[in-house]
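# Secondary and tertiary structure notes
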Amino acid sequence: MDELVGRLAAKAGIDGAVAEKTIGIVLGFLRNEGPSDKVQALIDQIPGAEAAIATANNSGGLSRLMGGGLMAVGTRLMALGLSMSEIQNVARELFRFGRDKIGADQMGEIISGTPGLSQFA
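Numbering of residues starts from 1 in every chain and runs along the sequence as written. At least 70 in pLDDT is required for a residue's local features to be given in this predicted model, at least 80 for side-chain atom pairs to be given and counted, and no such filter applies to totals for whole chains, interfaces and linings, which use all residues. The side-chain quantities take in all heavy atoms of the structure and omit both hydrogens and water.

An unreviewed UniProt entry lists the chain under the name DUF2267 domain-containing protein, with Bradyrhizobium septentrionale given as the organism.

### Structural notes on the overall build of the chain
Of the regular secondary structure elements, the chain holds eight helices and zero strands. A helix here means a DSSP run of H or I that spans at least four residues, while a strand means a run of E at least two residues long, and both kinds are numbered starting from the N terminus. When the elements of the chain are put in sequence order from the N terminus, they spell out α-α-α-α-α-α-α-α. Taken against the 2.2 N^0.38 rule, which gives 14 Å for 121 residues, the C-alpha radius of gyration of the chain at 13 Å falls within 12% of a compact globule. Within the chain, the fraction of its 121 residues that count as buried is 41%. In the chain, once contacts between residues fewer than 6 apart in sequence are set aside, the share between residues at least 24 apart is 66%. For the chain, the accessible surface area stands at approximately 6,000 Å², while carbon and sulfur atoms represent 51% of it. Radius of gyration means the value over C-alpha atoms here, while the globule rule gives 2.2 Å times the residue count to the 0.38 power. Between buried and exposed lies partly exposed: a residue is buried under 20% and exposed over 50% of the maximum accessible area for its type, with that area taken using a 1.4 Å probe on protein chains only. We call two residues in contact whenever any of their non-hydrogen atoms come within 4.5 Å of each other. Where accessible areas are quoted, they stem from the Shrake-Rupley method and a 1.4 Å probe; at the residue level, only the protein chains shown are allowed to cover.

### Overview of the layout of surface pockets
Taken as a whole, the second largest pocket encloses approximately 270 Å³ of empty space. Forming the walls of the second largest pocket are 17 residues, and the residues nearest its centre are Leu70, Val73, Gly74, Ile87 and Phe120. Within the residue set of the lining of the second largest pocket, elements represented by two or more residues are helix H2 (16–33), helix H6 (69–79) and helix H7 (84–102). At seven residues, H6 tops the list of elements feeding residues into the lining of the second largest pocket. Counted by class, the lining of the second largest pocket contains 14 nonpolar, three polar and no charged residues. Cavities and pockets were defined on a 1 Å grid built from protein atoms only: a cavity is a group of points that admits a 1.4 Å probe but offers it no way out, a pocket is an open group of points flanked by protein on both sides within 12 Å along at least five of seven lines, and a lining residue is one with an atom within 4 Å of any such point. Grid points are joined across faces, edges and corners, and a volume is the space filled by probe spheres set on the points. Any residue that is not Ala, Val, Leu, Ile, Met, Phe, Trp, Tyr, Cys, Pro, Asp, Glu, Lys or Arg is counted as polar, Gly included; the first ten are nonpolar and the last four charged.

### Details of the packing of H7 against helix H8 (residues 104–112)
Following both chains from N to C, one finds H7 and H8 inclined at 135 degrees, their axes separated by 7 Å at the closest point. Comparing their axes, H8 and H7 come out oblique. Across the interface between the two elements, Phe95, Gly98, Arg99 and Ile102 of H7 pack against Ala104, Gln106, Met107, Ile110 and Ile111 of H8. Tallied by class, residues from the contact of H7 with H8 come to six nonpolar, two polar and one charged. A fitted line through C-alpha atoms represents every axis, and for helices the fit uses only the stretch in contact; the resulting angles, taken between N-to-C directions, go from 0 to 180 degrees. To sort the angles, those under 35 degrees are grouped as roughly parallel, those over 145 as roughly antiparallel, those from 65 to 115 as roughly perpendicular, and the leftovers as oblique.

The structure is reproduced here in structure tokens:
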């Protein structure tokens, strides 16, 4: 997780704590909306990912009120102070990291198998 947090913080120009929360939110979204076996393979390659997802899921009632889907993820990320361009940079860096960890084919299946995600690839 430290490797990914550092990479996101540097490449997207965001604070490390925000990067860690962002990772939890995005991975939680992928787990709920994407192809579960491929997403779990990615999560398994990131030490600390389960804890980050759990922390993101326990962030209070606001996230439950927002519902699910990509729009809710965007709203939660903007609530962390991220701009739309920062969210796009974070997504692209997460996808690069995923390709490094599980390969381009499996990461491609996650992107194509998750509603709305291809616009960030």
